[in-house]
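Each chain is listed here by its residues.
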Amino acid sequence: MSDTVLSTPVFPAAPPRLALVGNPNCGKTALFNALTGARQKVANYPGVTVERKMGEFLSPAGIRVQIVDLPGTYSLRARSPDEEVTRDVVLGRFQHEAPPDAMVCVADATNLRLHLRLVLELKKLGRPIILALNMMDVAEARGCRVDAAALSAALGVPVVPTVAIRRNGVAGLLDQIDRSMTVMTASTARSHSSPCGWSEPSARELRAYHQEVESILAAALRDAGRPSLATQRIDAALLHPAIGLPFLFLVLFLMFQAVFAWAAVPMDMIDKGLGWVQAAAGAALPDGLLKSLLTDGIIAGVGSVVIFLPQILVLFFFILILESTGYMARAAFLLDRLMGGVGLHGRAFIPLLSSFACAVPGIMASRTIENRADRLATIMIAPLMTCSARLPVYTLIIAAFVPERTVAGGLIGLQGLVMFTLYAAGILSALAVAFVLKRTIFKGARDPLLMELPAYRLPSPRDILLGLLERARIFLARAGTVIFAIMILLWFLGSFPAAPDGATGPAIDYSFAGMLGHALAPLLAPIGFTWQIAIALVPGMAAREVAVAALGTVYALSETGDALSGSLAGVLAADWSLPTALSLLAWFVFAPQCVSTLSVVKRETNSWFWMLVMIAYMTALAYGAAFVTFRVSSALLGG
Ligand SMILES: Nc1nc2c(ncn2[C@@H]2O[C@H](COP(=O)(O)OP(=O)(O)OP(=O)(O)O)[C@@H](O)[C@H]2O)c(=O)[nH]1
Ligand SMILES: [Mg+2]
């Protein structure tokens, strides 16, 4: 409590607002996190942050300061939607939002020549600026020496060295913020709140900036240091024309194998634990509604999703490693030619790869693409990438229908291979859809890929661990809120009205959910779906993994005996034919089954039209693919 009293803000009405501005990948978000204690996403490629994020911290002198983290940009001449966000915040063009009181310009100390140009452009705005020379640890290791005092004198702004990822690495910056705030309040520099004037620099001004940067460097750069030798060596191999692509495919293939292999043991443990809880709850409670709600509704439903936590974590482990080492940007270059073949922009790679985790951040990441047609094409195909919420569905069906054995002389697990095929189906169909889109609605020349390749960096185990914990938290929070609520609703719909006296089938047959399932069944019969699947697809609209939870609950309620006997996979294996299972897999590769994705498409394209186009084309693809799969496999298997 006493802390709160001590920290009474000096600016009770409106805390001063700072903005973090700088080139992409120089460590702005890392600084933001260090200052505010936030956990915004930090990764080693340009274009990680695509929207503004607000935070607050208390300076050493007890001033409450607001700070906004911004997308990286090379200039206020914003070319892409993420850069426009930065420009609009800096210039105060957002409605009801004054420009920031001061800017913390962040520059990568190892690449000052590039980064100082933006500092000069920002200085022109006449607002207070502090220059944070970030990545000083890397600069020192490479023998790069910058004289901060000389740089400050030449630039005419305070300069502080920082190491955003080190404990105490921002102490100097905090002190400088205090000093600047005091000067600002004394001179009432904060009174201007009108938007700033800014005009695009002319060619002559650009040349002048260039010369000014050179003279500043001559005064302040004592030693330019060496480029990272390790990065050059690794790139010589990993970007090699013959080795590059095969290596990339190997990495992706290993990732999908690992999702299966590494997660097996912990998943088994969770499964056993849940079975035990379900049995214990079943034994402890008297027969009745409460017991059914708890065991059939909540434990069977939510539990059937929670079990997939280990797989989600293995997948994110790989994605985090790719992102933090700097390999992600290389992968974009390696695939640029391939993407160009179907007309996609090279920058589409990062949004598409992020969509493996979730289409929502993937679609947001497409903001870094300048050209609107290219961006729309990327947004339209992003949901075809297999997101992590589809993993539970795939895994469940694979575990039920694909035998656990190895092929290719014991090297490759068959289940992992099927999983890889499903991912490949998503990727290939995305490329095919892009190919069609770019030749019909989104015609136009394709810009070349220009992207700075960051130096390779060893991922910090702490960051990876925190990243995984964050993912686990998000996943469990979803299971505990959205899925939990839907399961209770579904249990209710599946239990009422109760079966009439003398009914022979399971009670769910007579319930609302049963009625709905039976009503939808004729529509889905041509693709081989049972009425239980029809029920599960409806709540599955909220989020894909809910379909698994719903199957868990529907089958638990369909059991005529006590609680669900055996695992859900076992029940499905007994109830479905193989063609039905394959058809459902095909459906899930394409179906537009996630409300959050659709709403982010609406927001990012600023149009209902594209959202509806997405729903229409994906539903048509899903139904068509499931139909063909069901018919062909039925014919082949004689089912
Ligand atoms: N060694 C070292 N690494 C740093 C430092 N600051 C940031 N990094 C790393 O640099 C990379 C980029 O950091 P971010 O904070 O995501 O950069 P950003 O400026 O927000 O990037 P965008 O959002 O893409 O514009 C990450 O891998 C960070 O861990 C630093 O001072 N020293
Ligand atoms: Mg950032």
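Residues numbered from 1 in each chain as written. Chains lettered and ligands numbered in written order. Predicted model: local features only at pLDDT ≥ 70, side-chain atom pairs only at ≥ 80, totals over all residues.

Turning our eyes to something else, we now look at the site of ligand 1. Close contacts around ligand 1 come from 26 residues, with Gly-27, Thr-29, Asn-44, Thr-49 and Gly-72 the closest. Those elements that place two or more of their residues in the shell around ligand 1 are helix H2 (28-36) and helix H5 (136-141). Taken together, the residues that form the shell around ligand 1 break down as 13 nonpolar, ten polar and three charged. (Near = placed C-beta within 6 Å. Helix = DSSP H or I, 4+ residues; strand = E, 2+ residues; numbered from the N terminus. Nonpolar A, V, L, I, M, F, W, Y, C, P; charged D, E, K, R; others polar.)

Moving on, we come to the UniProt feature "domain: FeoB-type G" (unreviewed entry) in the protein chain. Under the UniProt annotation, "domain: FeoB-type G" (unreviewed entry) lies at residues 15-183. Taken end to end, residues 15-183 is 34% helix and 22% strand, and its two terminal C-alpha atoms sit 15 Å from one another. (UniProt positions renumbered as here; feature names shortened; annotations may be inferred.)

To continue, consider the environment of Met-269. Along the chain, Met-269 falls in helix H11 (residues 264-284). Distance in space between the C-alpha atoms of Met-269 and Glu-51 is 40 Å, their sequence separation being 218 residues.

Angle between the axes and distance between the axes are the two parameters that describe a pair of packed helices. Packing of H11 against helix H12 (residues 289-306) brings their axes to within 10 Å, and their N-to-C directions diverge by 175°. By the angle class used here, H11 and H12 are roughly antiparallel. The segment H11 lies against H12, with Ile-270, Leu-274, Val-277, Gln-278, Ala-281 and Gly-282 engaging Lys-291, Leu-294, Thr-295, Ile-299, Gly-303 and Val-306. Of the residues belonging to the contact of H11 with H12, the class tally is seven nonpolar, four polar and one charged. (Axes fitted to C-alpha atoms, helices over the stretch in contact; angles between N-to-C directions. Parallel < 35°, antiparallel > 145°, perpendicular 65-115°, else oblique. Contact = placed C-beta atoms within 7 Å.)

Quick look at the sheet that holds strand E5 (residues 129-134) now. Read from one edge of the open sheet, six strands run E2-E3-E1-E4-E5-E7, paired in mixed fashion. Bordering the open sheet on either side are strand E2 (53-58) and strand E7 (159-161), each of which pairs with just one other strand. Adjacent strand axes in the sheet meet at a mean angle of 25°, parallel and antiparallel pairs treated alike. Pairing geometry for E5 and E7, over three bridges, is parallel. From the neighbouring strand, Leu-131 faces E7, where its bridge partner is Val-159. Most of the contacts of H2 go to strand E3 (residues 64-69), to which it runs at about 155°, and overall it touches strand E1 (17-22), E2, E3, strand E4 (102-108) and E5. In the packing of helix H6 (residues 148-155) onto the sheet, contacts are made with E5 and E7, and the angle to E7 comes to roughly 155°. (Pairing = 2+ DSSP bridges.)

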